[in-house]
Structure formats: C-alpha cells, structure tokens
Amino acid sequence: MSLKIKITDVHARQILDSRGNPTVEVEVTAETETTGKKITARESVPSGASTGRFEAIELRDGDKDYFGLGVQKAVDHVNTKIREMLLGMNVLEQAKLDRAMVELDGTDNKGNLGANAILGVSLACAKTAAKALDMPLYRYLGGTNAKTLPVPMMNVINGGVHAKNTLDFQEFMIMPVGARGFSQALKMGAEVYHFLRQILNENGMSTAVGDEGGFAPDFKNTGEAFSYLSKAVEKAGYRVGEDIVYAMDAAASELYDEARGVYVFSGESKGNGEEQEIARSSEEMIAMYEELVQQFPIVSIEDGLFEDDWEGWQKLTKRLGDKVQLVGDDLFVTNPKRIQCGIKLGAANAVLVKVNQIGTVTESLNAIEMAKSAGYHTVISHRSGETEDAFIADLAVAVNAGQIKTGAPCRAERTSKYNQLLRIEEELAEDAVFVPEEITEKQKAEKMG
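Residues numbered from 1 in each chain as written. Predicted model: local features only at pLDDT ≥ 70, side-chain atom pairs only at ≥ 80, totals over all residues. Heavy atoms only, no water.

As recorded in an unreviewed UniProt entry, the protein goes by the name Enolase, listed as coming from Roseburia intestinalis L1-82. If you open the UniProt record of the protein and go to Function (unreviewed entry), you find "Catalyzes the reversible conversion of 2-phosphoglycerate (2-PG) into phosphoenolpyruvate (PEP). It is essential for the degradation of carbohydrates via glycolysis." Under the Pathway (unreviewed entry) heading, UniProt states for the protein: "Carbohydrate degradation; glycolysis; pyruvate from D-glyceraldehyde 3-phosphate: step 4/5." (UniProt positions renumbered as here; feature names shortened; annotations may be inferred.)

1. Some words on empty space enclosed by the protein
For the structure on display, the rule yields three cavities of 30 Å³ or more. In this structure, the second largest cavity spans a volume of roughly 80 Å³. Forming the walls of the second largest cavity are Ser44, Pro46, Leu123, Val355, Glu386, Thr387, Asp389, Phe391, Ile392 and Lys417. When grouped by side-chain class, the residues that make up the lining of the second largest cavity number five nonpolar, two polar and three charged. Each of domain 1 (5-134) and domain 2 (148-448) contributes no fewer than three residues to the lining of the second largest cavity. (1 Å grid on protein atoms, 1.4 Å probe; cavity = no way out; pocket = protein on both sides within 12 Å on 5 of 7 lines; lining within 4 Å. Points joined across faces, edges and corners; volume = space filled by probe spheres on them. Nonpolar A, V, L, I, M, F, W, Y, C, P; charged D, E, K, R; others polar. Domains from an automatic or database assignment.)

2. Concerning the packing of aromatic side chains
The tally for this structure, following the rule as stated, stands at eleven aromatic pairs. Centre to centre, the rings of Phe169 and Phe265 are 5.4 Å apart; their planes meet at 80 degrees, and the pair counts as edge-to-face. You can see Phe169 sitting in the loop between β4 (151-158) and β5 (171-175) and its partner Phe265 sitting in the loop between β8 (262-264) and α7 (266-271), a full 96 residues away along the chain. Phe169 gets classed as buried once you look at its relative accessible area, which sits at 1%. Directly above the ring of Tyr228 sits Lys231, whose terminal nitrogen or CZ lies 4.3 Å from the centroid. Its guanidinium or amino end placed over the ring of Phe54, Arg338 lies 3.9 Å from that ring's centre, counting from NZ or CZ. (Phe/Tyr/Trp six-rings, centres within 6.5 Å; stacked < 30°, edge-to-face > 60°. Helix = DSSP H or I, 4+ residues; strand = E, 2+ residues; numbered from the N terminus. Buried < 20%, exposed > 50% of the residue type's maximum accessible area, 1.4 Å probe, protein only. Lys NZ or Arg CZ within 6 Å of the ring centre and 35° of its normal.)

3. A word on the pattern of salt bridges
The tally for this structure, following the rule as stated, stands at 30 salt bridges. Between Glu290 and Arg319 there is a salt bridge whose closest N-O contact spans 2.9 Å. One end of the pair, Glu290, is in helix α8 (residues 282-295); the other, Arg319, is in helix α9 (residues 310-320), and 29 residues separate them in sequence. Given a relative accessible area of 24%, Glu290 falls into the partly exposed group. (Salt bridge = Lys/Arg side-chain N within 4 Å of Asp/Glu carboxyl O.)

4. Description of the UniProt feature "active site" (unreviewed entry) in the protein
UniProt marks Glu212 and Lys354 with the feature "active site" (unreviewed entry), using the numbering shown here. Within the secondary structure, Glu212 is located in the loop between α5 (182-202) and α6 (222-235). A polar atom in the side chain of Glu212 sits 2.8 Å from the side chain of Asn155. By secondary structure assignment, the location of Lys354 is in the loop between β12 (350-353) and α11 (355-358). When near neighbours in sequence (up to four residues on either side) are disregarded, Lys354 contacts Asp329, Thr334, Ser381, His382 and Arg383. Looking at Lys354, its side chain comes within polar contact range of the side chain of Asp329, at 2.8 Å. (Polar contact = N/O pair within 3.5 Å; in protein donor to acceptor, adjacent residues only side chain to side chain. Contact = heavy atoms within 4.5 Å.)

5. Overview of the sheet that holds β8
Pairing is antiparallel in the open sheet, where three strands are placed in the order β7-β8-β9. Strands with a single pairing partner mark the edges of an open sheet, and in this sheet they are β7 (256-257) and β9 (279-280). The sheet contact formed by β7 and β8 spans two bridges and is antiparallel. Bridge pairing in β8 links Tyr256 to Tyr263. (Pairing = 2+ DSSP bridges.)

Below is the structure:
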C-alpha cells in the first residue's frame, strides 16, 4: 500500500519581494493517514525584470494598488479554485498535482490562473512533502545521488534593466573555479566583491548596488567593467583566469530593435561621450563576443542574441560554442518545447533554469532532464525580484546542476541561497561534490588545441 499524505489546506497571501513589489506566498498543509500528524510548509514566488516574451504569464491585478502590480487575483485563484481541486490529493504525487493545476488553467502559458499562483502551490507542495518525510528538500527532489554543490556565478557588476547606469549588458559575474569546495568559493567571491567596492571607491565611482546586489557604476563600456573585475581579483590575492573566471549576461533581447534588426547600445554611446548612436548587427555582436573572450577569461555568455533569432544563435554557437558556455535564458525560458528546438538546431549549449518561467516543479525538472540528455549544461537561476526563500539552492543540488546564479554575496534575498548551500555542504560532509573543472573544460581544450 502506497503512503498517502493528503492535502488538508492550501492558503496564499500577498507579500513583498526584494524590489518592494507584491508577489505570491503559499502555505500547504498535509496530514498523514496513519498518524493524523499535520505538516505545513511555505514557499514564495520570484519575479523578473528582464523577462522573455515566451515566459509563462505572471498574473498581476492591473488596478490602482501597488501601481497595478498587486497579485491578489493570483492569490484568490489559489485560495479558491486550486485549493478546492487539491484538497484530499496526495502531496507526495508532485507530477500529478502539477498536471492537475496545468489542466485546470487550460492555457499554454498559464494565463488563466497565473504562473505565479500555480508555481507557489507547486513549490509549497514539494517542500511540504519533503518535510512530511523528514527529508532534506534536495534529497526529496533529487534522490540518493543529489550531492553536487554548484559553482556560484556571482553578479558583482549590474547593468541593463537591473541598474540605471551606462552599462548596456546586464550582468558581469565572477566564478571562483579555483576553490576546493562551495564554502571556499563563497569566501573567494565575497572577498573579490569587497575589494571591488574598495577599488571603485578609490576611483570615485559609485558603489550603489543594482537589483541583484552588484555595483552599478558608470563604465565606458563592457571592457572597462571586466578590467575592474581583474583589478579586484588581483587585489584579493587570486589569479585571473585560474582562481577566478568570468561570466556575463548580455540580455541582448533588451537591446534589440526589431524594426531595424540591430542591437542599440545607448549606454555605451553616453559613456564614451558620443553623440552618434552605437548600434550593432548580429554579426557584429558575435565578433564583439569573440574579441571579449580573447581579452578576458570569460567562460559563459548568457543571452548573447535576441530571443527569437534562431539563425543568429546557430552562428554564435558555431563560432564560440567550442570555446565558452552559451546559455539560453530568454531563448529557452525553461520550456521543454523551446529547449527541444534549440537542441535540434544546435543553438546554445546550456540552459538557464528559472522555475517561474515555466510555472511548476515538474516542468522545471523535465526541462533540466531534457537539457542534460542532450549534453547541455544547466544553470539554476534566481530572478531580480527575489524573496528570502531558498528553494533554488536545494534544486541546484537535487539535479546536480553544477552552477547557480543567485546574485552578489550581499542582500538577504541573495545570501539566503548561499547560506542554504553552506548548510547542505555541511550536511553532505564527505559526500559533497564540487566540480568547477566542468565549467572550464572548453577553455582547457582550446589551450591544448
């Protein structure tokens, strides 16, 4: 006889995320049939600023409260329709619960109930189930072989829509690949972060932070931002390209002018004091990435081109795919259908995983499995509008992703994920695996070739 832990209550409320905007929080209560013991767990839903057009729909109220950003409609859907359907169901049957909610919504993009409503319940069900079985969440989601601690991609310089500065590209990240374990990687990243602050201060540059905790000064261009990173790495006593390597999120869809078919760099124009607009074609973007990769130890480029430019992505992958990790975020939006398309076309070689892009735990796990089966790397990611919830830390270990993006080592909504990974590393002890060499394997092959 299979174990049944039936859902006895589902309750949602509106809370605030790290940007002070409303989001959905859900509590799921379940009861064991044998003992009658009740278990409750709570999860909350993140929100993005740089969103792909193919993401599942985040339901907002659109009224005068919170400038139209309230989520009371999504909350009401949880407390009525979703609750009524899930009462009495087995909280251990994650795939069945998720499928039921998707079918209840009845759309391809979760536009009726809202992906934020569905995801909040999906996450809370998983956490309640893990708690009911007295099992760590990463173990419940990933099974007995969940043991890989991810290498952090720390967004220490913010630009694009995450900061109102002259940087057009959105994220400049450090990856402590010279670390022997996660805790050491976190220490290295935090030290570089603090030395970067010191160097910016010494040069009279702003140390105000963007949405993800990274500094947001006005740099002339991308190259200058990476040069400052190198100064900070060296001042922290680490070797550029050996102990610390770089990653970037271009968020190119945010720069793309569809009418003209070019990428507009308005910040770079301003930063260089140029009156004439700087605009680049797809070919020029690829050439720029090639030059940056030659100049700096960049191992990962995310969203290098427009989200629907499949032909451009194919060219980018042919030119750079054997040298660096090319991550699809807006391109794939954690959607198995779009990932399958990318695999067929040979576009990108890694998938960014954001659970709120697709809307359920099950679909996120399916996307990860599909990517891994095709030899694509997976990067578990936060959103710019986060909460103190640390679900993605457990998810990264559960699926042995090997990489996580969760911002700078600063601000509680970012450090909550890092701190959870420290706890997991301690719990796994000698069984913990940390394999940064998987990220730098392309660069090593390139040097040997």
